[in-house]
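Chain by chain, the residues run as shown.
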Amino acid sequence: MRVLVTGAAGFIGSHVSERLVNQGHEVLAVDCFLEESYPAAEKRATWQRTVSLPTVRGIELDLRNELPAGLLDGVDVVVNEAAMPGLMRSWSDFSLYSTCNVHVVEQLARACTEQQVHLIQISTSSVYGREAVGDESTPTAPNSPYGVTKLAAEELLRAYERSRGLDFTILRYFSVYGPRQRPDMAYRLLIDAVAGGSELKIYGDGLQTRSNTYVGDCAEATVAAVLRRPVGATINIAGPERATLLDAIHYIEEHVGQQAKLVYRDPRPGDQRHTGGGIERAAELLDWRPGTGLRDGLAAQVAWQLSERS
């Protein structure tokens, strides 16, 4: 197949692109190196790795602008990994989030409808809100503007399906981590702080839980969705276990070989307290189950970060 992957210079998009290539597919990799999310220099290093793979063609393209004619020619599936991530900034820069997370999705939905291309939209556990525990029938109640934009994107696709016949699948990722994680994400910050002997702020009591999803498992689930394309399905993609933030810190200390210096602060507005995604639908529709526990996954991320530091 030929698969267009947006956000291909990013953390998860680069892993998805690699897995597609390893399974013998062609990848049209798209990214605009958005500086507002994290430094473009890091994305470009990942981009070079991705576009050097066989059967990958890279296009630097800002999807917020009008899509160029012929972009989807010969494409079988679009995987939309592009988005403006992060909860806290969405309170102060909503226009950036709405443009990246809603307007871009509308453009892709329109193009995919016109050319009868299946669209896989990447969503998030943040659409469930503060308590994101349960299966896909759990009510959505986002408690951050970021979560609101991601839920709005889902509803756009459902409108296109009802009115114009769009074929789509929605994957709701839960707390993805692993090598190449974004520099603003919690585990990357924790690992850098522990390895460097510096203090790190912990917002809340550290007992908040996550069903962490290793990036390799996440990429495997995404490629399974590309192959199976369950039309109109919304599917949780979550890890095999729930762990507290303090559990994760303990594993990081073990792998780095140093103690963390933690400074506790009040919880932030919009933070999730607990996440635990039910994955029965992923097993049924994608024949997917996560295979990497948090301890082993963090060992891989620590090894990657220490290698990058050196």
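None of these values were measured; they are calculated from a predicted model.

Conventions we followed
The residue numbering used here restarts from 1 in each chain and proceeds along that chain's sequence as written. In view of the model being predicted, local features appear only for residues whose pLDDT reaches at least 70, and side-chain atom pairs are presented and counted only at 80 or more, with totals across whole chains, interfaces and linings using the full set of residues. Excluded from the side-chain calculations are hydrogens and water; all other atoms, namely the structure's heavy atoms, are used. Exposure classes here rest on a 1.4 Å probe applied to the protein chains alone. A residue is buried below 20% of its type maximum, exposed above 50%, and partly exposed in between. Segments assigned H or I by DSSP are reported as helices when at least four residues long, segments assigned E as strands when at least two residues long, and all are numbered from the N terminus. Any two strands between which DSSP finds at least two bridges are classified as paired. Crossovers are described as right-handed under a simple rule: with the strands pointing away from the observer, the path leading from the first strand over the helix to the second runs clockwise. Note on definitions: salt bridges are taken to be side-chain nitrogens of Lys or Arg within 4 Å of carboxyl oxygens of Asp or Glu. Between N-to-C directions, angles cover 0 to 180 degrees, with each direction set by a line fitted to C-alpha atoms, over the stretch in contact for helices. Two residues form a contact once any of their heavy atoms are found within 4.5 Å. With a 1 Å grid spanning the protein atoms alone, the term cavity applies to any set of points in which a 1.4 Å probe fits but cannot get out, the term pocket to an open set with protein on both sides within 12 Å along at least five of seven lines, and the term lining residue to any residue with an atom within 4 Å of a point. Grid points are joined across faces, edges and corners, and a volume is the space filled by probe spheres set on the points. When residue character is reported, Ala, Val, Leu, Ile, Met, Phe, Trp, Tyr, Cys and Pro are called nonpolar, Asp, Glu, Lys and Arg charged, and the others, Gly included, polar. Each pair of aromatic rings taken from Phe, Tyr and Trp, with Trp reduced to its six-membered ring, is defined by centres within 6.5 Å and is described as stacked if the planes are under 30 degrees apart, edge-to-face if over 60, and tilted in the remaining cases. Only when the NZ atom of a Lys or the CZ atom of an Arg is both within 6 Å of the ring centre and within 35 degrees of the ring normal do we say a charge sits over the ring. When an angle is under 35 degrees it counts as roughly parallel; over 145 it counts as roughly antiparallel; between 65 and 115 it counts as roughly perpendicular; any other value is oblique. Here a crossing is called left-handed whenever its near helix is offset anticlockwise from the far helix by less than a right angle, and right-handed whenever the offset is clockwise.

**Q** Help me out: how do you make sense of the pairing of strand E1 (residues 2-6) in this one?
**A** For a regular strand, the rule is simple: side chains alternate between the two faces of the sheet. In terms of burial, E1 is largely enclosed, as five of its five residues are buried. Side-chain alternation along E1 places Arg2, Leu4 and Thr6 on one buried face and Val3 and Val5 on a second face that is also buried. Note: E1 against strand E2 (residues 26-31), five bridges, orientation parallel. Residue pairing across strands places Arg2 opposite Glu26, the latter belonging to E2. For the crossover from E1 across helix H1 (residues 11-22) to E2, the handedness is right-handed. Inspection of the sheet shows E1 paired to strand E4 (residues 77-80) by four bridges, in the parallel sense. Bridged to Leu4 within E4 is Val78.

**Q** So what exactly am I meant to see when it comes to the pattern of salt bridges here?
**A** Should the charged atoms of two oppositely charged side chains come close, the side chains can pair. Per the counting criterion, the structure on display carries 19 salt bridges. A salt bridge links Glu42 to Arg188; the shortest N-O distance between them is 2.6 Å. Of this pair, Glu42 sits in helix H2 (residues 40-51) while Arg188 sits in helix H5 (residues 186-196), and the two are 146 residues apart along the sequence. For Arg188, a relative accessible area of 12% translates into the label buried.

**Q** Before we go on, may I ask you to explain the sheet that holds strand E3 (residues 56-60) in this structure?
**A** Adjacent strands of a sheet pair through backbone hydrogen bonds, lying either parallel or antiparallel. Strand order across the open sheet formed by seven strands is E3-E2-E1-E4-E5-E7-E12, with parallel pairing between neighbours. Either end of the sheet is taken by a strand with one partner, and the two such strands are E3 and strand E12 (234-237). Taken over all neighbouring pairs, the strand axes of this sheet differ in orientation by 20 degrees on average, direction set aside. One ladder, built from five bridges, connects E2 with E3; its direction is parallel. In the strand pairing of E3, Ala29 is matched with Gly58. Strand contacts of helix H4 (residues 145-164): strand E5 (118-124), strand E7 (168-173) and E12, with the helix running at about 155 degrees to E5, the strand carrying the most contacts.

**Q** What am I meant to see in empty space enclosed by the protein here?
**A** Take a probe with the size of a water molecule and roll it over the atoms, and the empty space left behind shows itself. All chains considered together, the criterion is met by one cavity of 30 Å³ or more. Reported here for the largest cavity is a volume of approximately 40 Å³. Lining the largest cavity are Ala9, Gly10, Phe11, Tyr38, Glu42, Lys43, Thr46 and Arg180. Counted by class, the lining of the largest cavity contains three nonpolar, two polar and three charged residues.

**Q** Mind showing me how you'd approach the packing of aromatic side chains here?
**A** Each aromatic ring pair is summarised here by two numbers: the centre-to-centre distance and the angle between the ring planes. Following the criterion strictly, the structure yields five aromatic pairs and no others. Both rings, one in Tyr177 and one in Tyr214, keep their centres 5.7 Å apart while their planes meet at 65 degrees; by these two values the pair is edge-to-face. With Tyr177 in strand E8 (residues 176-177) and Tyr214 in strand E11 (residues 213-214), this residue pair connects regions lying 37 residues apart in the sequence. By relative accessible area, Tyr177 is classed as buried at 1%. Ring pairs connect the aromatic residues Tyr177, Tyr187 and Tyr214, which therefore count as one cluster. Over the ring of Phe33 we find Arg44, and its NZ or CZ is 3.9 Å from the ring centre. The ring of Tyr203 carries the charged tip of Arg268 above its face, separated from the ring centre by 4.5 Å.

**Q** Hey, could you run me through the packing of H1 against helix H6 (residues 215-228) in this one?
**A** Each pair of packed helices can be summarised by the angle the axes make with each other and by the distance between the axes. For the pair H1 and H6, interaxial distance at closest approach is 9 Å and the crossing angle is 60 degrees. Comparing the axis directions of H1 and H6 gives the class oblique. Crossing of H1 against H6: the hand is right-handed. Note on element contacts: H6 touches H1 through Val215, Gly216, Cys218, Ala219, Glu220, Thr222, Val223 and Val226, opposite Phe11, Ile12, His15, Val16, Arg19 and Leu20.

**Q** Quick question: what am I supposed to make of the environment of Pro145 here?
**A** Structurally, Pro145 is set in helix H4. Apart from residues no more than four positions distant in its own chain, Pro145 is found in contact with Ser90, Trp91 and Phe94.

**Q** What am I meant to see in the layout of surface pockets here?
**A** Computed from the structure, the second largest pocket encloses a volume of approximately 220 Å³. Lining the second largest pocket are Glu66, Leu67, Pro68, Ala69, Gly70, Leu71, Leu72, Gln107, Arg110, Ala111, Glu114 and Gln115. For the lining of the second largest pocket, the class distribution of residues is six nonpolar, three polar and three charged.

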